[in-house]
Amino acid sequence: MNVLFILFKTEQIRKSLAPSLILYTVGPATARSLATLRDAYLPGANIFGADSGTGENLAAVMLRHYNSVYGGMGVSSEHHAEERGKQGNEAGMRKPALLFLVGEQRRDIIPKTLMGAVPERDRIRVDEVVVYQTGVVAGFEGDFEGVVRRELACCFSRSQCSSAGRHPRKTIWVVVFSPTGCDAMLKVLSREDGLVFGREPNREASERRVFVATIGPTTRDHLINEYRFAPEVCAKKPSPEGVGSGIEEFMKSWEGK
């Protein structure tokens, strides 16, 4: 989850900046965590964008809101401090740049939208800083394969058969929250459930029993671009409710086939 925020620990900075500090976040889960930190360190700071759901929507929210706060000011640049020293207060009337705290894998829709806005006076400088990285837990592929194999066995066990002797259309869902680990996941699903990837990104689910949902477009795009695999569901909002709604919608269509 990508969050734009600055965390200050000193009492002096906290008192001077908290009332005017703007915090942006793309989803409700991150907003809740951020609110806890805000209440402890920056009481009075404001959080925006919790219901935006995607980077595209959040970028639009940021353009409208940030420019309403700093309307009429020029775009900050890397040489802003030097210009201010040479030219005085006039050069200082610039919109503060936004600090974009990200993981090592992320989409660039927010920086592109903010720094390429039209008209030019609406542009907002974005400084990106990588603050976290994700990795695959040792043994994940083997552990995941064991779980998938066990659950598939349950799907096709006799106790799961209908009265007519046919297997009910029971399914298993894998929800992916990060591009990390997707390679191992796809290999397991290919071996255990006949999933095909690396060819056409759009294909029929046919007789597969294991389906894939992603928490948002970053992971979906990674699967499509890197593996030519299109997940069945991409949550419209990065939340448990968003994932659940997407799965319910897909299942209504799938069960009707």
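Criteria and cut-off values
- Residues numbered from 1 in each chain as written.
- Predicted model: local features only at pLDDT ≥ 70, side-chain atom pairs only at ≥ 80, totals over all residues.
- Heavy atoms only, no water.
- Helix = DSSP H or I, 4+ residues; strand = E, 2+ residues; numbered from the N terminus.
- Buried < 20%, exposed > 50% of the residue type's maximum accessible area, 1.4 Å probe, protein only.
- Areas by Shrake-Rupley, 256 points an atom, 1.4 Å probe, with all protein chains shown as cover.
- Salt bridge = Lys/Arg side-chain N within 4 Å of Asp/Glu carboxyl O.
- Contact = heavy atoms within 4.5 Å.
- Axes fitted to C-alpha atoms, helices over the stretch in contact; angles between N-to-C directions.
- Parallel < 35°, antiparallel > 145°, perpendicular 65-115°, else oblique.
- Left-handed = near helix turned anticlockwise from the far one by under 90°.
- Nonpolar A, V, L, I, M, F, W, Y, C, P; charged D, E, K, R; others polar.
- Pairing = 2+ DSSP bridges.
- Right-handed = clockwise from strand over helix to strand, strands pointing away.

**Description of the overall build of the protein chain**
At step 1: Scanning the protein chain for helices and strands turns up 9 helices and 10 strands.
At step 2: Counting over 257 residues, the protein chain shows a buried share of 39%.
At step 3: Accessible surface for the protein chain amounts to roughly 14700 Å². Of this, 52% is attributable to carbon and sulfur atoms.

**Focus: unusual backbone geometry**
At step 1: The step from valine 118 to proline 119 runs through a cis peptide bond, and the omega angle for that step is 5°.
At step 2: With respect to the helices, strands and loops of the structure, proline 119 is situated in the loop between helix H5 (109–115) and strand E7 (126–132).
At step 3: A positive phi angle, near 50°, is found at arginine 228, a position not held by glycine.
At step 4: By relative accessible area, which is 36% here, arginine 228 ends up partly exposed.

**Details of the pattern of salt bridges**
At step 1: Summed over the entire model, instances satisfying the criterion amount to 10 salt bridges.
At step 2: Where aspartate 39 meets arginine 38, a salt bridge forms, and the shortest distance between an N and an O atom there is 2.7 Å.
At step 3: One salt bridge in this structure joins lysine 112 and aspartate 108, with 3.4 Å as the shortest N-O distance.
At step 4: Since its relative accessible area comes to 57%, lysine 112 is described here as exposed.
At step 5: On the basis of relative accessible area, aspartate 108 is assigned to the partly exposed category, the value being 39%.
At step 6: Within this structure, Glu141, Glu145, Arg149, Arg191 and Glu192 form a network of salt bridges that share partners.

**Digging into the environment of proline 96**
At step 1: Structurally, proline 96 is set in the loop between strand E5 (94–95) and strand E6 (98–103).
At step 2: Considering only alpha carbons, one finds proline 96 and methionine 73, 23 residues apart in sequence, at a separation of 9.3 Å.
At step 3: Apart from the residues lying within four places of it in its own chain, the contact partners of proline 96 are Tyr66, Tyr70 and Ile124.

**Some details on the packing of helix H7 (residues 182–193) against helix H8 (residues 217–227)**
At step 1: Where H7 contacts H8, the two axes come as close as 11 Å, and the packing angle between them is 65°. When the axes of H7 and H8 are compared, the pair comes out roughly perpendicular. In this structure, the crossing between H7 and H8 has a hand that is right-handed. Each of Cys182, Asp183, Met185 and Leu186 in H7 lies in contact with H8, whose residues at this interface are Thr219, His222, Leu223 and Tyr227.
At step 2: Class assignment of the residues belonging to the contact of H7 with H8 gives a composition of 5 nonpolar, 2 polar and 1 charged.

**What to know about the sheet that holds strand E8 (residues 172–176)**
At step 1: If you trace the 3 strands from one edge of the open sheet to the other, you get E8-E9-E10, paired in parallel fashion. In this open sheet, the two edge strands, each paired with only one partner strand, are E8 and strand E10 (233–234).
At step 2: Relative to strand E9 (residues 210–214), H7 is tilted by about 160°, and along the sheet it contacts E8 and E9.

**Description of the side chain of aspartate 221**
At step 1: You can see aspartate 221 is positioned in helix H8.
At step 2: Residue class for aspartate 221 comes out buried when judged on its relative accessible area of 19%.

**Remarks on the pairing of E7**
At step 1: The pairing of E6 with E7 spans 6 bridges and is classified as parallel. Bridge assignment links phenylalanine 100 to a residue of E7, and that residue is glutamate 128.
At step 2: After leaving E6, the chain enters H5 and then returns to the sheet as E7, a path that is right-handed.

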